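An overview of the molecular structure
So the chains spell out like this:
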Amino acid sequence: MFYIQADHNRLMFYKSGLWYPVIPNATVLRHGTVNQCQASADTATTPSATYSPAEAQALYTEFRDLKTKLRAAGILAT
């Protein structure tokens, strides 16, 4: 039998004196209740008052890295 365990606020089942999640927590290698992707580092520098081409390229590179990781985790469609 399945129950909603109030302190976890998700669907759990009780077996042999322990609570187990029906859907496991997500990791970068396994889908779960909510998907998780690899960390995406903050590599772009703080921009100046007006963007230089190097600052714009750094932001573009950082967004591209984030989108690649989200696609690999199945969070963002191609």
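Rules used throughout
- Residues numbered from 1 in each chain as written.
- Predicted model: local features only at pLDDT ≥ 70, side-chain atom pairs only at ≥ 80, totals over all residues.
- Heavy atoms only, no water.
- pLDDT = per-residue confidence, 0-100.
- Helix = DSSP H or I, 4+ residues; strand = E, 2+ residues; numbered from the N terminus.
- Pairing = 2+ DSSP bridges.
- Salt bridge = Lys/Arg side-chain N within 4 Å of Asp/Glu carboxyl O.
- Buried < 20%, exposed > 50% of the residue type's maximum accessible area, 1.4 Å probe, protein only.
- Expected span 1.5 Å × (residues − 1).
- Arc of directions from axis to C-beta.

Any residue range with low pLDDT should be treated as having predicted coordinates unsuitable for detailed reading. Looking at the protein chain as a whole, its pLDDT mean stands at 79, while 83% of the residues score no less than 70. At the low end of the mean pLDDT range in the protein chain sits strand β1 (residues 2-5), at 62; at the high end sits helix α1 (residues 53-72), at 90.

Across 4 bridges, the pairing between strand β2 (residues 10-15) and strand β3 (residues 18-21) is antiparallel. Paired with Lys 15 across the strands is Leu 18, a residue of β3. A loop of 2 residues connects β2 with β3, the two strands running antiparallel in sequence, and Ser 16 in this loop sits at a positive phi of about 50°.

Here we take up the pattern of salt bridges. Opposite charge on two side chains lets them pair, provided their charged atoms get close. This model, assessed by the stated rule, comprises 1 salt bridge. Among the salt bridges present, the one from Lys 69 reaches Asp 65, with a minimum N-O distance of 3.3 Å. One end of the pair is Lys 69 and the other is Asp 65, both in helix α1 and 4 residues apart, which spans about a single turn. Since its relative accessible area comes to 30%, Asp 65 is described here as partly exposed.

Once that is clear, we can look at α1. If you check α1, its first and last C-alpha atoms are 29 Å apart, about what 20 residues at 1.5 Å a residue would give, namely 28 Å. Taken residue by residue, α1 has Glu 55, Glu 62, Lys 69 and Leu 70 as its buried positions. The arc that holds the buried residues of α1, viewed along the axis, is 105°, so those residues lie on one side. Residues Pro 53, Ala 54 and Ala 72 are exposed on α1 and point more than 90 degrees away from its buried face.

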